[in-house]
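# Architecture and fold: a report
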Amino acid sequence: MKVAFFVDGNFLFHQVKYFKSFFCNGPNIRKYCERHLNPNEKLYRIFYYDAPPLERTATTPCGTPIDFGKSSAAQHMKKRLDSIREIPYMALRLGKVTWQNDWILSNDVITDLMNGKRDITSLCDHDFQPNIQQKIVDMKIGLDISTITYKKFASRIVLIAGDSDFVPAAKLARMEGIHVTIDPMGKRLTPDLIEHVDFVHTELDPDNSQDVDPSRKNFFVKNFKED
C-alpha cells in the first residue's frame with residue numbers, strides 16, 4: 001500500500017514555529033512524513049508546494065530602500081527549497097508570488113491603534129509587512145491529487161494543510177476509493193474539511209515537551225488544540 005503526501009509549504013512553515021523539534025528543511029520534512037506510515041505502507045512520493053521568494057527592490061513606508069531577494073527570509077527560503085530538491089522521493093512544485101507595492105499593518109499594531117495605545121505618528125517600518133501573496137499553489141495541489149487519484153499511484157494520501165479550499169480535491173479522492181488523512185499540525189479545521197476526509201491526525205504532540213516549545217505551549221493550546 002503506497003502513500004502520497006501533499007505538503008502546503010507555506011502552511012507548514014508557519015505552523016512549525018510552535019514546535020521546537022521541527023526545523024523546516026528537506027530531510028526533516030521527509031522524516032516527519034514517514035512518521036505517518038503504517039507498517040504495511042510504503043512511501044510513494046512527497047509533493048511539496050511553495051513559491052519562490054520575491055525578487056525585487058522597493059521602498060518601505062518610511063522611505064527605506066529594501067531588496068527583498070537579499071533579505072534573510074529570502075535566503076532561508078532558497079536554502080529550504082534547495083534542500084528539498086536534493087531529497088529522494090520529494091517533488092518540488094512552485095507557484096508564483098505577487099506584490100503590488102502594498103504594505104499592511106500587523107493585527108497587534110491595528111489593535112493598539114484602535115485602543116489608543118499607539119499613535120499613527122509612532123509607526124515605523126517594523127510595524128508594516130509587505131502584502132505578498134502566493135498564486136497557483138492551491139491549484140497545483142488539487143491537480144496533483146486528482147492525477148494521483150485517477151492513475152491509482154497511491155492507496156492513501158496525506159494532506160499536510162489546513163485550508164478548506166482543498167475540500168473538492170479531498171472529496172474527489174474519497175469518491176474514487178482513496179483513503180484521505182489530513183494533518184493540520186495543531187490548527188483547528190473547518191467542519192467542511194473534516195467532513196470530507198477519513199482521518200485527522202498529526203504526528204506532533206502538543207503535550208510532549210519534546211515537540212512543543214514550552215514558551216509557546218499556552219498559546220498553541222489556546223488557539224489550535226482540538227477540544
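Attention in this report is confined to the structure presented alongside it. Note that this is a predicted model, so its numbers are computed, not measured. (Residues numbered from 1 in each chain as written. Predicted model: local features only at pLDDT ≥ 70, side-chain atom pairs only at ≥ 80, totals over all residues. Heavy atoms only, no water.)

### Observations regarding the packing of aromatic side chains
According to the stated counting rule, one finds 5 aromatic pairs in the structure shown. Ring plane angle 75 degrees and centroid distance 5.0 Å describe the contact between Phe-68 and Trp-99, whose orientation is recorded as edge-to-face. Of this pair, Phe-68 sits in the loop between β4 (65–67) and α3 (72–85) while Trp-99 sits in the loop between β6 (96–98) and β7 (103–105), placing them 31 residues apart in sequence. For the pair Phe-68 and Trp-99, one class covers both residues: buried. Geometrically, the ring pair formed by Trp-99 and Trp-103 is edge-to-face, given 5.5 Å between the ring centres and 90 degrees between the ring planes. For Trp-103, a relative accessible area of 18% gives the class buried. (Phe/Tyr/Trp six-rings, centres within 6.5 Å; stacked < 30°, edge-to-face > 60°. Helix = DSSP H or I, 4+ residues; strand = E, 2+ residues; numbered from the N terminus. Buried < 20%, exposed > 50% of the residue type's maximum accessible area, 1.4 Å probe, protein only.)

### Section: the environment of Pro-130
Secondary-structure assignment places Pro-130 in strand β8 (residues 128–130). If sequence neighbours within four positions are ignored, Pro-130 has contacts with Phe-68, Trp-99, Asp-102 and Trp-103. (Contact = heavy atoms within 4.5 Å.)

### Notes on the environment of Arg-156
Within the secondary structure layout, Arg-156 lies in strand β10 (residues 156–160). When its relative accessible area of 7% is taken as the criterion, Arg-156 is described as buried. Taking the C-alpha atoms as reference points, Arg-156 and Ala-173, 17 residues apart in sequence, are found 9.0 Å from one another. Once you skip the residues sitting within four places of it in the chain, Arg-156 turns out to touch Met-1, Lys-2, Val-3, Ala-4, His-36, Leu-37, Asn-38, Glu-41, Ile-178, His-179 and Thr-181. Within polar-contact distance, the side chain of Arg-156 engages the backbone oxygen of His-36 at 3.1 Å. Here Thr-181 takes part through its side chain, which lies 2.9 Å from a polar atom of the side chain of Arg-156. (Polar contact = N/O pair within 3.5 Å; in protein donor to acceptor, adjacent residues only side chain to side chain.)

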